[in-house]
Amino acid sequence: MLKLEKVEIAYGIVPVVQGISFHVEDGELISIVGANGAGKTTIMKAIAGRLHLRKGSINFRGKDITKLSSPDIVRMGITYVPENRRLFTPLSVEENLEIGAYIINDKKEIEKNLEFVYGLFPRLKERRKQRAGTLSGGEQQMLAIGRGLMANPKLLMLDEPSQGLMPILVTELLNAVKKLKELGMTILLVEQNVQEALEIADRGYVLQTGQIITEGNGKELLDSDIVKKAFLGM
Amino acid sequence: MGFFLDAITSGILMGLIFSLIALGLTIIFGVMNIVNFAHGEFLMVGMYIAYWCNVLIGLDPLFGLPFSIAAGILLGLASYYLLVRYLLRGPMIAQLFGTFGLMLFIRYLALFIWGPNFRTVSHGLLMGKSMLLGNVVVLDLSKVVPAIVSIIAFFIVSYVINNTKVGKALQATALDAEAASYMGIYADRMNALAWAIGGGTVGLAGGLMVNFWYITPEVGLLFVMIAFATVALGGFGSIKGAFYAGVIIGVIETLVGVKAPSFKFTIVYAAYFIIVVFRPQGLFGWKE
Ligand SMILES: Nc1ncnc2c1ncn2[C@@H]1O[C@H](COP(=O)(O)OP(=O)(O)OP(=O)(O)O)[C@@H](O)[C@H]1O
Ligand SMILES: [Mg+2]
């Protein structure tokens, strides 16, 4: 479905992502894990059309999307739920969700997506008239994901959804992600919570200073020496 | 007492015009974080359009309004697409100088084309007519009607921004253009829309003002200074803020103006400075 080939990205002259390749297939949940500054967000933003590649290409469902802008990427079927949520805080929960459905013109479809999101996160429905900025951290993250779902994505990219949440909420949130996958959504997940992210993933990639140092299915990676040493302190 | 009431009501009426002028400035600032120094020149062009419609084809200033609005929209769009869009790539300071340059460009172009003469529209449906409010206050129709139109314009713009899809997209861009782009919203189009609304509303203000104000290429300066204070007082980017702040400034200006005309803008800005000490974000800070 999504395929990156030898992608290189730099900020100015500083190379940040150094020739990485990976792919996501239909219906998969893929986790990319790595420490702070490894380049996870950079990769997500490049796919989302925010950053230019220095080299390499990005292909989505048979089309070259390397040079598309962010608004066009959404229309191709990829939604990026950005790091730090980036909600429209003075607006209500429901308004945030409506804006998430900006590319959809059919009112019935928007209604349907809204019901889907409220079904997945009932707490959002209870608070739908509340200003997004006044939600708790966990609710804000649900809203960020919900807003991403409103565009009917074929591929959902989540950038550290567990950031700033207490452990119990992390589990709850990643369970929701897993449930989405079970409902058939294809998901690319970036996480620093290595253990949990790899547990729910079909496959994973480990990123270190802009390079993929190892890959494999979730369980394999959790058992691998590299991951154990680098992230799990074993 | 009647004298005091007169000052208050005419302050409110004038203030509503200040609000309308500030509306576009605050929207452009809210969406793009850019100060449009040429805003007063947009107003001036709106006034000239109304003037020429009147002189050349005998159109009453009231019926000239659509032309002033259209001119403002075109001017806003042209400014955005031909200049501002390119300024965005540069540093903040380039944006300041850019719209400052645009201000001088339009002003001196107007001076070149139309000359420095003061012009006035001398006949109109509203001119020289007045109504009595409660037998105490005399209201000048040439100011009452513009004030009402200003209120209507605020209603329409607020409605569009708060209740339509494109209005919400505009707000999203104002709040976080990057996040909005991930929702499929083209920032470029929203910026252009902000300039169109900004130009259209200030063009409308210009068309209304010829009913009671003279027209020269320099006329924008005075009003843009008031508009800056209005936007800052109301809260940058706040539509509601522009509305109330315009009225407040209008009242202060007329009250002081009655006693000490040459002092009134000093007081307007002094009032602004005092309020800003307590509320730096203005009366209605919109973003948090
Ligand atoms: N706009 C920028 N300009 C210059 N350097 C940047 C910019 N954004 C990120 N970087 C650098 O690129 C590197 C990778 O950053 P990135 O945000 O992709 O990391 P990350 O893996 O998402 O980290 P985190 O887990 O902290 O979110 C970092 O060294 C960072 O300092
Ligand atoms: Mg990151």
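Every value quoted in this text rests on a predicted model; they were computed, and no experiment measured them. (Residues numbered from 1 in each chain as written. Chains lettered and ligands numbered in written order. Predicted model: local features only at pLDDT ≥ 70, side-chain atom pairs only at ≥ 80, totals over all residues. Heavy atoms only, no water.)

## Digging into the overall build of chain B
In plain terms, the rule: Elements are defined by DSSP. Helices are runs of H or I of four residues or more, strands are runs of E of two residues or more, and each kind is numbered from the N terminus. A radius of gyration in this sense is built from C-alpha atoms; the matching globule rule multiplies 2.2 Å by the number of residues raised to 0.38. For the exposure calls, accessible area comes from a 1.4 Å probe over protein chains only, and a residue counts as buried if that area is under 20% of its type's maximum, exposed if over 50%, partly exposed in between. We call two residues contacting when some pair of their heavy atoms lies within 4.5 Å.
What chain B contains, in helices and strands, is 11 helices and 2 strands. Secondary structure elements of chain B, listed N to C terminal, follow the sequence α-α-α-α-β-β-α-α-α-α-α-α-α. Taking 2.2 N^0.38 as the reference for a compact globule, 288 residues should give roughly 19 Å; the C-alpha atoms of chain B span a radius of gyration of 19 Å, in line with that estimate. Overall size of chain B, expressed as C-alpha extent along the three principal axes, is 60 × 45 × 35 Å. The buried share of chain B, taken over its 288 residues, is 54%. Looking at chain B alone, contacts between residues at least 24 apart form 77% of all its contacts between residues at least 6 apart.

## Thoughts on the confidence of the model for chain B
Counted only if it meets this: Residue-level confidence of the predictor is summarised by pLDDT, bounded by 0 at the bottom and 100 at the top.
For chain B, mean pLDDT is 92; residues scoring 70 or higher make up 98% of the total. As scored by the predictor, the complex reaches a pTM of 0.93 and an ipTM of 0.95.

## Brief notes about the coordination of the magnesium ion (ligand 2)
All names here are of chain A. The criterion, for reference: Any N, O or S atom lying within 2.8 Å of the metal counts as a donor, and for Na, K and Ca the limit rises to 3.2 Å; water is left out, so some sites can look incomplete.
For the magnesium ion (ligand 2), the full set of protein donor atoms is Thr-41 (OG1) and Glu-83 (OE), at a range of 1.8 to 2.5 Å. Placement of Thr-41 in helix H1 (residues 40–47) and of Glu-83 in the loop between strand E6 (78–81) and helix H3 (93–100) is noted, with a sequence separation of 42 residues between them. When its relative accessible area of 16% is taken as the criterion, Thr-41 is described as buried. Given the relative accessible area of 23%, Glu-83 is considered partly exposed.

## Section: the packing of aromatic side chains
All names here are of chain B. Rules: Side-chain rings of Phe, Tyr and Trp (the six-membered ring for Trp) are treated as a pair once their centres are within 6.5 Å; stacked means planes under 30 degrees apart, edge-to-face means over 60, and tilted covers the remaining angles.
Tallied over the entire structure, the rule returns 17 aromatic pairs over all chains. Residues Tyr-48 and Trp-114 carry aromatic rings whose centres are separated by 4.1 Å and whose planes lie at 15 degrees to one another, so their mutual orientation is stacked. Here Tyr-48, found in helix H2 (residues 39–57), pairs with Trp-114, found in helix H4 (residues 92–114); they are 66 residues apart in sequence, far enough to count as distant. For Trp-114, a relative accessible area of 22% puts it in the partly exposed group. Look at Trp-213 and Phe-223: their rings are 5.1 Å apart centre to centre, the planes differ by 80 degrees, and that puts the pair in the edge-to-face class.

## A closer look at the environment of Arg-85 of chain A
All names here are of chain A. Rule in force here: Polar contact criterion, stated in full: a pair of N or O atoms within 3.5 Å, where within protein one must be able to donate a hydrogen and the other to accept it, and residues adjacent in sequence count only if both atoms are side-chain atoms.
Tracing the backbone shows Arg-85 in the loop between E6 and H3. In sequence terms Arg-85 and Ile-65 are 20 residues apart; their C-alpha atoms lie 24 Å from each other. Apart from residues lying up to four places away in sequence, Arg-85 is in contact with Gly-137, Gln-140, Gln-141, Ala-144, Arg-147, Gln-163 and Leu-165. At 3.0 Å, the side chain of Arg-85 and the side chain of Gln-141 are in polar contact.

## Side note on H3 of chain A
Because each turn of an α-helix spans 3.6 residues, side chains separated by three or four positions end up pointing in the same direction. With 7 of its 8 residues buried, H3 of chain A lies for the most part within the structure. Along H3 of chain A, the residues that are buried comprise Val-93, Glu-94, Glu-95, Asn-96, Leu-97, Ile-99 and Gly-100 of chain A. Residues of H3 of chain A that are buried make contact with helix H4 (107–120), helix H5 (122–126) and helix H6 (137–149) of chain A together with helix H5 (141–163) and helix H6 (165–175) of chain B.

## Regarding the pattern of salt bridges
Residues and elements named next belong to chain A. This is how it is decided: In what follows, salt bridge is the name for a side-chain nitrogen of Lys or Arg lying within 4 Å of a carboxyl oxygen of Asp or Glu.
This model, assessed by the stated rule, comprises 16 salt bridges over all chains. Salt-bridge contacts for Glu-160 lead to Lys-40; the nearest nitrogen and oxygen are separated by 3.9 Å. Here Glu-160, found in the loop between strand E7 (155–159) and helix H7 (167–182), pairs with Lys-40, found in helix H1; they are 120 residues apart in sequence, far enough to count as distant. Exposure remark for Lys-40: the relative accessible area of 5% places this residue in the buried category.

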